[in-house]
Amino acid sequence: MIRTNDELDKMRKAGRVVAEIIDKTRAFIRPGVTTHQVDAVAREVIAQRGARSNFLNYHGFPAVICTSPNDMIVHGIPGDYVVKEGDLLSVDCGAIIEGYHGDAAYTMAVGQVSEVAERLIEVTERALWAGIDQMREGNRLHDIGRAVQQVAEGAGFSVVRKYVGHAIGTAMHEEPQVPNYWPGSPGPKLKVGNVFAVEPMVNVGGPDTIELDDGWSVITADGSLSAHFEHTIAITKDGPEVFTAP
Ligand code: MG
Ligand code: MG
């Protein structure tokens, strides 16, 4: 899908709202707050900016963000969980403006965390940016995942296979999927006007996942820590433009 300049402008606006959610939730998260309270911070930004939530009611999801602590990879439901010193907390967030979507995620250390946790966060974010750097006209789709995988596995970590990035526009999840690994073929050529949500999920241990009985929360099968970073990015003639960066 090639987005017009007018569509890209709307996606820029949605991206600004998502960037604000990142900033405000990051500033709010500290030991003692519940993930429900973090969700409330995001709800307020969405309301203030006249946006809509793309997470709320998505296949019945009950919140505007996902909050996934420690060995939880993605899709955690905000609730009574009390954030504590030493946690890793992954926050996935999004917003819709004028029918166009933004989608992003980050993982933060709550207070002092272990050395491996700190390294996991740093490596996962660096893997995302390595993937973003491949978003140039003439490159192939799976150059993105190859770059992500090289950074993550180069650091001794693993990349989740079951959950992947995606094209984004008038829906949050559009085709094609954007895997965070080399799937065995280069895929289609990247074009100016493509917009993708690139979102590596990186585990300290193995890549296998388990979905919990709540039907949403996904954890690492081996109980190891996981981190998740995501941005919504357009390919322009000058290279990648990140819409959701604070
Ligand atoms: Mg997301
Ligand atoms: Mg996404």
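Treat the numbers as computed from the prediction; the structure is a model and nothing was measured.

**So, the overall build of the protein chain**
Here is step 1: When helices and strands are tallied, the protein chain shows four helices and 14 strands.
Here is step 2: In terms of C-alpha radius of gyration, the protein chain reaches 17 Å, essentially the compact-globule figure of 18 Å for 246 residues.
Here is step 3: Expressed as lengths along the three principal axes of its C-alpha atoms, the size of the protein chain is roughly 45 × 40 × 30 Å.
Here is step 4: A burial count over the protein chain gives 55% of its 246 residues as buried.
Here is step 5: The contacts of the protein chain with a sequence gap of at least 6 include a subset with a gap of at least 24, amounting to 70%.
Here is step 6: In the protein chain, 22 positive and 33 negative side-chain charges are present, and the distance between their average locations comes to 6 Å.

**Here we look at the pattern of salt bridges**
Here is step 1: Throughout the structure, instances matching the rule amount to 15 salt bridges.
Here is step 2: The salt bridge involving Glu174 is made with Arg3; its shortest N-O contact spans 2.8 Å. One end of the pair, Glu174, is in strand β7 (residues 174-178); the other, Arg3, is in the segment before α1 (5-28), and 171 residues separate them in sequence. No difference in accessibility class separates Glu174 from Arg3, as the two residues are buried.

**What about the side chain of Gln149?**
Here is step 1: Counting through the fold element by element, Gln149 comes out in helix α4 (residues 141-154).
Here is step 2: Here Gln149 falls in the buried class, since its relative accessible area comes to 14%.

**Some thoughts on the sheet that holds strand β8 (residues 195-198)**
Here is step 1: As summarised here, the arrangement of the five strands in space is β7-β6-β8-β13-β14, forming an open sheet in which the pairing is antiparallel. Lying at the two open borders of the sheet, with one neighbouring strand each, are β7 and β14 (239-242). Averaged over neighbouring strand pairs, the angle between their axes works out to 30 degrees when direction is ignored.
Here is step 2: The pairing of strand β6 (residues 165-167) with β7 spans three bridges and is classified as antiparallel. When the sheet's bridge partners are listed, Ala167 is paired in β7 with Glu174.
Here is step 3: Against the sheet, α1 makes contact with β8, β13 (231-236) and β14, and its axis sits at roughly 150 degrees relative to β13, the strand it touches most.

**Notes on the coordination of the magnesium ion (ligand 1)**
Here is step 1: For the magnesium ion (ligand 1), every protein donor is listed as Asp92 (OD), Asp92 (OD), Asp103 (OD) and Glu230 (OE), and the spread of their distances is 2.0 to 2.8 Å.
Here is step 2: In the primary structure, the donors to the magnesium ion (ligand 1) are separated according to the pattern D-x10-D-x126-E.
Here is step 3: The distance between the magnesium ion (ligand 1) and the magnesium ion (ligand 2) comes to 3.2 Å, and Asp103 binds to both of them. One end of the pair, Asp92, is in strand β3 (residues 88-97); the other, Glu230, is in the loop between β12 (226-228) and β13, and 138 residues separate them in sequence. Neither Asp92 nor Glu230 differs from the other in exposure class; each is buried.

**Here we look at the coordination of the magnesium ion (ligand 2)**
Here is step 1: For the magnesium ion (ligand 2), every protein donor is listed as Asp103 (OD), His166 (NE2), Glu199 (OE) and Glu230 (OE), and the spread of their distances is 2.1 to 2.3 Å.
Here is step 2: Binding-site remark: the magnesium ion (ligand 2) is held by donors from one chain whose sequence spacing is D-x62-H-x32-E-x30-E.
Here is step 3: Under the relative-accessibility criterion, His166 is labelled buried at 4%.
Here is step 4: Taking relative accessible area as the criterion, Glu199 reaches 6% and is therefore assigned buried.

Criteria and cut-off values
Residues numbered from 1 in each chain as written. Chains lettered and ligands numbered in written order. Predicted model: local features only at pLDDT ≥ 70, side-chain atom pairs only at ≥ 80, totals over all residues. Heavy atoms only, no water. Helix = DSSP H or I, 4+ residues; strand = E, 2+ residues; numbered from the N terminus. Rg over C-alpha atoms; globule rule 2.2 N^0.38 Å. Buried < 20%, exposed > 50% of the residue type's maximum accessible area, 1.4 Å probe, protein only. Contact = heavy atoms within 4.5 Å. Lys, Arg positive; Asp, Glu negative; His and termini not counted. Charge placed at Lys NZ, Arg CZ, Asp CG, Glu CD. Salt bridge = Lys/Arg side-chain N within 4 Å of Asp/Glu carboxyl O. Pairing = 2+ DSSP bridges. Axes fitted to C-alpha atoms, helices over the stretch in contact; angles between N-to-C directions. Donors = N, O, S within 2.8 Å, 3.2 Å for Na, K, Ca; no water.

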